[in-house]
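What follows is the residue order along each chain.
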Amino acid sequence: MGQNDLMGTAEDFADQFLRVTKQYLPHVARLCLISTFLEDGVRMWFQWGEQRDYIDTTWGCGYALASAFVLLNLLGQLTGCILVLSRNFVQYACFGLFGIIALQTIAYSILWDLKFLMRFFRTSWAQL
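In this text, all values refer to a predicted model and were calculated from it rather than measured experimentally. (Residues numbered from 1 in each chain as written. Predicted model: local features only at pLDDT ≥ 70, side-chain atom pairs only at ≥ 80, totals over all residues. Heavy atoms only, no water.)

*Asks:* Tell me about the overall build of the chain, and name the residues and values.
*Replies:* Scanning the chain from terminus to terminus reveals six helices and zero strands. Ordering the α and β elements of the chain from the N terminus gives α-α-α-α-α-α. Considering the chain as a whole, with its 128 residues, one finds that 20% of them fall into the buried category. Residue pairs in contact within the chain that sit at least 24 positions apart in sequence constitute 57% of those at least 6 positions apart. For the chain, the exposed surface amounts to about 9800 Å²; the carbon and sulfur share of it is 69%. (Helix = DSSP H or I, 4+ residues; strand = E, 2+ residues; numbered from the N terminus. Buried < 20%, exposed > 50% of the residue type's maximum accessible area, 1.4 Å probe, protein only. Contact = heavy atoms within 4.5 Å. Areas by Shrake-Rupley, 256 points an atom, 1.4 Å probe, with all protein chains shown as cover.)

*Asks:* Got a sec to walk through the nonpolar core? Specific residues and values, please.
*Replies:* Among the nonpolar cores identified, the biggest contains eight residues, and these are M44, I55, A66, F69, V70, L74, A107 and Y108. Looking at this core, the element that brings in the most residues is helix α4 (residues 63-86), giving four residues. Discounting residues that sit within four places of it in the chain, I55 has contacts with G60, C61, A66, F69 and Y108. Counting six residues, the second largest nonpolar core, distinct from the first, contains I34, C81, V84 and L97. (Core = buried A, V, L, I, M, F, W, Y, C linked by side-chain atoms within 4.5 Å.)

*Asks:* Now, about the packing of aromatic side chains: what can you tell me, with residues and values included?
*Replies:* All told, the structure shown has three aromatic pairs when counted by the stated rule. Each ring, one from F13 and one from F17, has its centre 6.5 Å from the other, and the planes form 20°; the classification is stacked. Residue F13 and its partner F17 are both found in helix α1 (residues 2-21); the two are separated by four residues, about one turn of the helix. Ring geometry for F89 versus Y92: centroids 6.5 Å apart, planes at 45°, classification tilted. As far as the burial class goes, F89 and Y92 line up, both exposed. (Phe/Tyr/Trp six-rings, centres within 6.5 Å; stacked < 30°, edge-to-face > 60°.)

*Asks:* Quick one: what's the story with the packing of helix α3 (residues 48-59) against α4, residue by residue and with numbers?
*Replies:* Closest axis-to-axis distance for the α3/α4 pair is 8 Å, and the angle between their directions is 125°. On the basis of their axis angle, the class for α3 and α4 is oblique. As for the relative orientation of α3 and α4, their crossing is right-handed in sense. Residues W48, Q51, R52, I55, D56 and W59 of α3 touch α4, and the partners they reach there are Y63, A66, S67, F69, V70, L71 and L74. When its residues are assigned to classes, the contact of α3 with α4 shows nine nonpolar, two polar and two charged. (Axes fitted to C-alpha atoms, helices over the stretch in contact; angles between N-to-C directions. Parallel < 35°, antiparallel > 145°, perpendicular 65-115°, else oblique. Left-handed = near helix turned anticlockwise from the far one by under 90°. Nonpolar A, V, L, I, M, F, W, Y, C, P; charged D, E, K, R; others polar.)

Next comes the structure, spelled out in structure tokens:
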């Protein structure tokens, strides 16, 4: 009987906890899903010069085009995060964030980086 009482108490506690936190869980889940984009957008804000100089050096495209690329990245990520968190135009925000991933993959030459690909495949194999 002692184990049944313990399980009953645990279930009651879980039910009470879920009743209190149920309204906050969707917001926390959305924040967890977009946390990488939020972090990257904030980092771009604080490292504006370094990001712009990297793109300018890598592409050789000039100050204006490099600044425009970093601005597009920054606004795309932060706007997408705000839209997802506010539950407005979520589908379009997700498409926009996916577009930012594709743009960064090409711009930062991640697709052809052997070290990145090996890390990706190692992680994928470990999950199988």
